[in-house]
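Each chain, written out:
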Amino acid sequence: RVESGKLELEYFDFDVRNTVEDAIDSIIMVASSKGIEVVCAMHANIPASCRGDGDRLKQVVLNLLSNAIKFTQSGEVVVRAELESESETHLCLNFSVRDTGIGVPQDAQSKLFSRFTQV
């Protein structure tokens, strides 16, 4: 839907921390059952309230966390959020998910962001 231009974002006030924590809450039992620790590292400078599509953000973070847990047998999964830049009207937040899973083989990394490719 993103590539076709049919994805419509909604704009409403939401709490970034609560949104990320909700995503973690959705998968914590699966992670716990595998003995995987889930760590949330939210930088202190992230504002309490933002305007944007909080539901879409939750979906993206949840997808990243789910994939990380799926391919991690032990260790941890860390979701991190940092404020990259801020103006009077916009925030640029950087979200990342890191895990201790098997990783992606070097020869398959170039296919990661190709259309219709699963690694």
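This section reports on the structure supplied with the text. This one's a predicted model, so the numbers in the text were calculated from it and none came from an experiment.

Some thoughts on the overall build of the chain
Assigned secondary structure in the chain consists of two helices and five strands. Of the regular secondary structure in the chain, the N- to C-terminal order runs β-α-β-β-α-β-β. With respect to the principal axes defined by its C-alpha atoms, the chain has extents near 40 × 35 × 25 Å. Looking at the chain as a whole, 24% of its 119 residues qualify as buried. The contacts in the chain between residues at least 6 apart in sequence include a share of 71% that link residues at least 24 apart. Just so you have it, the chain exposes about 8300 Å², and 50% of that area is on carbon and sulfur atoms. Computed over 12 positive and 18 negative side-chain charges, the separation of the two mean positions in the chain equals 9 Å.

Quick notes on the environment of serine 49
Within the fold, serine 49 resides in the loop between strand E2 (36–42) and strand E3 (50–52). Note: C-alpha distance between serine 49 and phenylalanine 12 (37 residues apart in sequence) is 9.9 Å. Discounting chain neighbours no more than four positions away, the residues touching serine 49 are Asp13 and Phe14.

Thoughts on the pattern of salt bridges
By the definition in use, this model includes two salt bridges. Across the salt bridge formed by arginine 51 and aspartate 13, the nearest N and O atoms sit 3.3 Å from each other. Here the residue arginine 51 occupies a position in strand E3, and aspartate 13 occupies one in strand E1 (residues 12–14), the gap between them amounting to 38 residues. Residue arginine 51 shares its accessibility class with aspartate 13, and that shared class is exposed.

Remarks on the state of the cysteines
Under the criterion given, the structure shown has zero disulfides. Between cysteine 40, a cysteine without a disulfide, and cysteine 50, which holds the nearest cysteine sulfur, the sulfur-to-sulfur distance is 14 Å. Classification of cysteine 40 by relative accessible area gives partly exposed; the value is 32%.

Re the sheet that holds E2
Strand order across the open sheet formed by three strands is E2-E4-E5, with mixed pairing between neighbours. The open sheet has two edge strands with one neighbour each: E2 and strand E5 (91–99). Going from strand to strand, the sheet's axes swing by 15° on average, the running direction of each strand aside. Alignment of strand E4 (residues 75–86) against E5, held across nine bridges, turns out to be antiparallel. Residue pairing for E5: glutamate 86 is matched across the bridge by leucine 91. Helix-sheet contacts for helix H1 (residues 16–33) involve E2, E4 and E5, and the interaxial angle to E2 is about 175°.

The rules behind each value
Residues numbered from 1 in each chain as written. Predicted model: local features only at pLDDT ≥ 70, side-chain atom pairs only at ≥ 80, totals over all residues. Heavy atoms only, no water. Helix = DSSP H or I, 4+ residues; strand = E, 2+ residues; numbered from the N terminus. Buried < 20%, exposed > 50% of the residue type's maximum accessible area, 1.4 Å probe, protein only. Contact = heavy atoms within 4.5 Å. Areas by Shrake-Rupley, 256 points an atom, 1.4 Å probe, with all protein chains shown as cover. Lys, Arg positive; Asp, Glu negative; His and termini not counted. Charge placed at Lys NZ, Arg CZ, Asp CG, Glu CD. Salt bridge = Lys/Arg side-chain N within 4 Å of Asp/Glu carboxyl O. Disulfide = S-S within 2.5 Å. Pairing = 2+ DSSP bridges. Axes fitted to C-alpha atoms, helices over the stretch in contact; angles between N-to-C directions.

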